[in-house]
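The chain contents come next:
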Amino acid sequence: VPAVGGLAVASQSGGMGFALLALARDVGLGVQAFVSLGDKVDVSSNDLLAAWMDDDSVTAGALYLESFGNAHKFARTARRFAEHKPLLAVVGGRSRARQDPSASSTVGVGVDALLDQSGVIACRTGAELTETALLLVEQPLPTGLRVCIVSNTGGVGALTTDRADGQGMLVTPTSYDLGAAVRAAVPGAVDVRNPVDLGADVTPVELTAALRAVLDAGEADAVLVVLVANRLTDRAALFDAVARAR
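Residues numbered from 1 in each chain as written. Predicted model: local features only at pLDDT ≥ 70, side-chain atom pairs only at ≥ 80, totals over all residues. Heavy atoms only, no water.

**Q** Explain the nonpolar core here, please?
**A** Soluble globular proteins tend to pack their nonpolar side chains together in the buried interior. Membership of the largest hydrophobic core comes to 23 residues, with the highest contact counts inside it found for Leu49, Trp52, Leu63, Phe68, Phe74 and Leu115. At the level of secondary structure, the elements contributing two or more residues to this core comprise strand E1 (7-11), helix H2 (45-53), strand E3 (60-65), helix H3 (71-82), strand E4 (87-91) and helix H4 (107-117). (Core = buried A, V, L, I, M, F, W, Y, C linked by side-chain atoms within 4.5 Å. Buried < 20%, exposed > 50% of the residue type's maximum accessible area, 1.4 Å probe, protein only. Helix = DSSP H or I, 4+ residues; strand = E, 2+ residues; numbered from the N terminus.)

Okay, here's the thing in structure tokens:
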């Protein structure tokens, strides 16, 4: 059983629910409540979201669903919940192979649109849900959309920037002063703009100093650090350097 934490889980499948609990335990994610809904005869996900919305011990919600019942009511309830706390969901049974042959082939598109309209963070797998929930429950939520990406290789920084930009985040260039501070912290940095490429041989001490410069500058609401392991540096020491900066 996972430790007690802030995530409330509702699952329309008992087996999938148990899998989510095991995944939560494996990543160190605390769970506040767990409900296996079955066929939702007495209690629906809407009922639980309404209850968890006012429960201060619940900091985020997670759903595994195979049907929505009253989709309009779900959209209203989920939107109200998501305005106060993060709400994640995995929806099963969306493939055409699971649908009636006469049904529309755009079921998956409709589900995606419903979740997006409701402010629900759609996840593809249980592992993706628990890892995302861990980030949202254990970290303070960003106050805005500005993100600074720091890496030790240009290619990964470029790909991460593309993904962030595609999600509506703002990856704006660093100011002259911040660029100078990063260059002073890491003389061998390849690029001090955003995304910041500190070079493959950045040392743990340099990484900590560079991240502190980025954090102190106040130019980003979140800092995303993406490191690639190589033989030039100590992987564990780099992770410790990130923790020290934080």
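**Q** I would appreciate a short explanation of a positive patch on the surface in the present structure.
**A** A cluster of like positive charges, contributed by Lys73, Arg76, Arg79 and Arg80, occupies part of the molecular surface. Locating arginine 80 in the fold gives a position in helix H3. (Patch = residues over 30% accessible without salt bridge, like charges linked within 9 Å, V, L, I, M, F, W, Y side chains within 5 Å. Areas by Shrake-Rupley, 256 points an atom, 1.4 Å probe, with all protein chains shown as cover. Salt bridge = Lys/Arg side-chain N within 4 Å of Asp/Glu carboxyl O. Lys, Arg positive; Asp, Glu negative; His and termini not counted. Charge placed at Lys NZ, Arg CZ, Asp CG, Glu CD.)

**Q** I tried to follow H3 on my own but got confused; where do I start?
**A** An α-helix turns once every 3.6 residues. As a result, residues three or four positions apart point the same way. Under the 1.5 Å per step criterion, the end-to-end length of H3 is 16 Å for 12 residues, consistent within 8% with the ideal 16 Å. For H3, every residue scored as buried is listed here: Phe74, Ala75, Thr77, Ala78 and Phe81. Measuring from the side-chain oxygen of the N-cap residue of H3 to the backbone nitrogen of histidine 72 gives 3.2 Å; that N-cap residue is asparagine 70. (Expected span 1.5 Å × (residues − 1). Polar contact = N/O pair within 3.5 Å; in protein donor to acceptor, adjacent residues only side chain to side chain.)

**Q** When you look at the pairing of strand E6 (residues 147-151) in this model, what are you seeing that I'm missing?
**A** When you tally the buried positions in E6, you get 5 out of 5 residues, the bulk of the element. Of the two faces of E6, the one lined by Val147, Ile149 and Ser151 and the one lined by Cys148 and Val150 are each fully buried. Pairing of E6 with strand E8 (residues 222-226) involves 5 bridges; the strand directions are parallel. Following the sheet pairing, cysteine 148 is matched in E8 by valine 223. Bridging between E6 and strand E7 (residues 196-197) involves 2 bridges; their strand directions are parallel. Counterpart to valine 150 in the pairing with E7 is valine 196. (Pairing = 2+ DSSP bridges.)

**Q** How do you make sense of the sheet that holds E7 when you look at a structure like this?
**A** What holds strands together in a sheet is hydrogen bonding between their backbones, with the strands either parallel or antiparallel. Spatially, the 3 strands line up as an open sheet ordered E7-E6-E8, and their pairing is parallel. For this open sheet the edge positions go to E7 and E8, each flanked by a neighbour on one side alone. Sheet contacts for helix H6 (residues 154-166): E6, E7 and E8; angle to E6, the most-contacted strand, approximately 160 degrees. (Contact = heavy atoms within 4.5 Å. Axes fitted to C-alpha atoms, helices over the stretch in contact; angles between N-to-C directions.)

**Q** Sorry if this is basic, but what is going on with the sheet that holds E4 here?
**A** A sheet is described by the order of its strands in space; here 5 strands give the open sequence E2-E1-E3-E4-E5, paired in parallel fashion. Sheet topology places strand E2 (31-36) and strand E5 (121-122) at the edges, where each strand pairs with a single neighbour. Pairing between E3 and E4: 5 bridges, direction parallel. Looking at E4, one finds that leucine 65 is bridged to valine 91. The sheet strands contacting helix H1 (residues 14-27) are E1, E2 and E3, and the helix crosses E2 at an angle near 165 degrees.

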